[in-house]
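Take a look at the letters that make up each chain.
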Protein chains: 2
Amino acid sequence: MNFIKAKKDKLKLNEREERMNKTIEIQLNHRTIRAWKEEPLKEDEVQELFDVAMRASTSNGMQQASIIRVKDPEKRQVLSEITTQKYIVDAPELLVFIADNYRNHQILEEKGAKENYTNDADRLLQGITDASIMAQNVTVAAESKGWGVVYFGSILNDPERLVKVLNLPQYTFPVLALGIGIPDQEPQLKPRMDKAYRVFDDEYKSFDSYTEELKDYDEEMTQYYDLRDANRRVDSFTKQVVDKNQITIAKRPEIIRVLKDQGYDL
Amino acid sequence: MNFIKAKKDKLKLNEREERMNKTIEIQLNHRTIRAWKEEPLKEDEVQELFDVAMRASTSNGMQQASIIRVKDPEKRQVLSEITTQKYIVDAPELLVFIADNYRNHQILEEKGAKENYTNDADRLLQGITDASIMAQNVTVAAESKGWGVVYFGSILNDPERLVKVLNLPQYTFPVLALGIGIPDQEPQLKPRMDKAYRVFDDEYKSFDSYTEELKDYDEEMTQYYDLRDANRRVDSFTKQVVDKNQITIAKRPEIIRVLKDQGYDL
């Protein structure tokens, strides 16, 4: 009897190890997918993504994030103009994750609360982290189905226009969008800098010269082919940092102004 | 030959489906764990979490987030004072995720760039979303190993003190912390509001009365036992919204001030 139990426990352990490896294997193989098969995703499977979104951790249990699922081709067209990413139109699923302090603001109003702090920097930050955590939970779930995902941070290239097109009420703000579908490309794994520069014990560790430290990584990056422009290799990381710093997207400096327009007290 | 290939493909599909279900099963079973076995986590497995963190999506490829792994008992003591969560001291692993615009700021300085926008609201927001996405990737990875995780948003109860204790340089800011270990409790699954109130098609949908709409959810919440105080049920959701709004933690309104002290241009 004990022998059988031991064997069973061992099987359980193996099962757990299997599971551990597969989820982590998916995460270690993450790459951005920007081209999808035309095939739509099954509705019940998309709903599963929303179920996963709902179960994500949320600051203080306050659930201060929501999702806008954008299907309307006209709205998608506007999003492609805002992001300058044409392929956003073709994404089988397009989800915008928003910091949502509106719902709890309304609850406080309905309950006749004397004070209402749902629009302060603290709650805004909770909404932003709630929305991001939710988006990454959806990303891992989608990838576990063999689907491919792209993040669009570029929705903030024109936050005011986005707020209008999604009809976002006061005390809400768009954070990130995700395009999801069945992959129709196989990009290379994009090199990342060594964790020695990003994981520190007990306190922040700075380095005398990052350009020196990151030399090997810079070299590795130039060997990588970005599928957005398959015919040329990309620049080194430190050159990208410089070049991307120079890009000024006219409306991005408006983020704080639009946050204030949305009723946040910053 | 074709028959064998077809069989192989079918096996592959089954494998993929298996994988899908297990990852999502883990995500749907997420619950916060606040008590862990004393057993330390194996170093190579903890390193695997950091590998997963490195591979998380990052805005523009800029990798503007880092992790401080807090081991020092004195620093942990300070964190327990800041968060008022005593069990933070006992977490086998304690990771603080920070928005990190310092590294790229230094690269621009070294490269003699004329302008340096690494401290603007846009990059700060990228750093905050990078850090949150990374934290959730680590959370799913840890849970896939059977480990249990708690988020500490309460590290921001005194952002200035935290910045000092972690020796955070300019252009960095702490976002969230995670406690991780082998679970020593089995909490109930915490009820969430229906996704009808959080997932919308094409534009934001508001409701006439949230207190009416959330009546069933409020009822469900009162049936839930929070292990933080196992002897009593928790309040309804809408009551929690009111009560948590009333709590003023003295230093939380300082978030914007400390962000500015950290060199951010808001």
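The text that follows walks through the structure, step by step, so that each part is easy to find. (Residues numbered from 1 in each chain as written. Chains lettered and ligands numbered in written order. Predicted model: local features only at pLDDT ≥ 70, side-chain atom pairs only at ≥ 80, totals over all residues. Heavy atoms only, no water.)

Quick notes on unusual backbone geometry
Residue and element names in this part refer to chain A. Phi at Asn60 is positive, roughly 60°, even though this residue is not glycine. Its place among the elements puts Asn60 in the loop between α2 (43-55) and β1 (65-69). Judged by relative accessible area, Asn60 falls into the partly exposed class, the value being 43%. (Helix = DSSP H or I, 4+ residues; strand = E, 2+ residues; numbered from the N terminus. Buried < 20%, exposed > 50% of the residue type's maximum accessible area, 1.4 Å probe, protein only.)

Describing the nonpolar core
As a rule of thumb, nonpolar side chains are buried together in soluble globular proteins. Counting 164 residues, the largest nonpolar core has Ile180 of chain A together with Ile180 of chain B as its most contacted members. Excluding residues that lie within four positions of it along the chain, Ile180 of chain A makes contacts with Trp36, Leu41, Leu49, Ala91, Pro92, Glu93, Leu95, Val138, Ala142, Trp147, Gly148 and Val149 of chain A. (Core = buried A, V, L, I, M, F, W, Y, C linked by side-chain atoms within 4.5 Å. Contact = heavy atoms within 4.5 Å.)

Some points on the environment of Tyr102 of chain A
Note that Tyr102 of chain A resides in helix α4 (residues 102-110). In this structure Tyr102 of chain A comes out as buried when scored by relative accessible area, which is 12%. Along the chain, Tyr102 of chain A and Gln64 of chain A lie 38 residues apart, while their C-alpha atoms are 8.2 Å from each other. Among all residues touching Tyr102 of chain A, those that are not within four sequence positions of it are Pro169, Gln170, Tyr171 and Thr172 of chain A together with Tyr204, Ser206 and Tyr210 of chain B.

A look at the interface of chain A and chain B
Counting from both sides, the interface comprises 113 residues of chain A and, opposite them, 113 residues of chain B. For the chain A and chain B pair, buried surface summed over both sides reaches about 10500 Å², with 58% attributable to carbon and sulfur atoms. Put simply, chain A and chain B have six salt bridges between them. A salt bridge links Lys195 of chain B to Asp51 of chain A; its shortest N-O distance comes to 2.7 Å. Take the side of chain A that touches chain B: its biggest share by element is 15 residues, from helix α5 (residues 121-144) of chain A. Classifying every residue of the side of chain A that touches chain B by side-chain character gives 51 nonpolar, 31 polar and 31 charged. Where β1 of chain A lies against strand β5 (residues 199-201) of chain B, three bridges are found, and the strand directions are parallel. When the sheet's bridge partners are listed, Ile67 of chain A is paired in β5 of chain B with Val199 of chain B. (Buried area = accessible area lost by both parts, 1.4 Å probe. Salt bridge = Lys/Arg side-chain N within 4 Å of Asp/Glu carboxyl O. Nonpolar A, V, L, I, M, F, W, Y, C, P; charged D, E, K, R; others polar. Pairing = 2+ DSSP bridges.)

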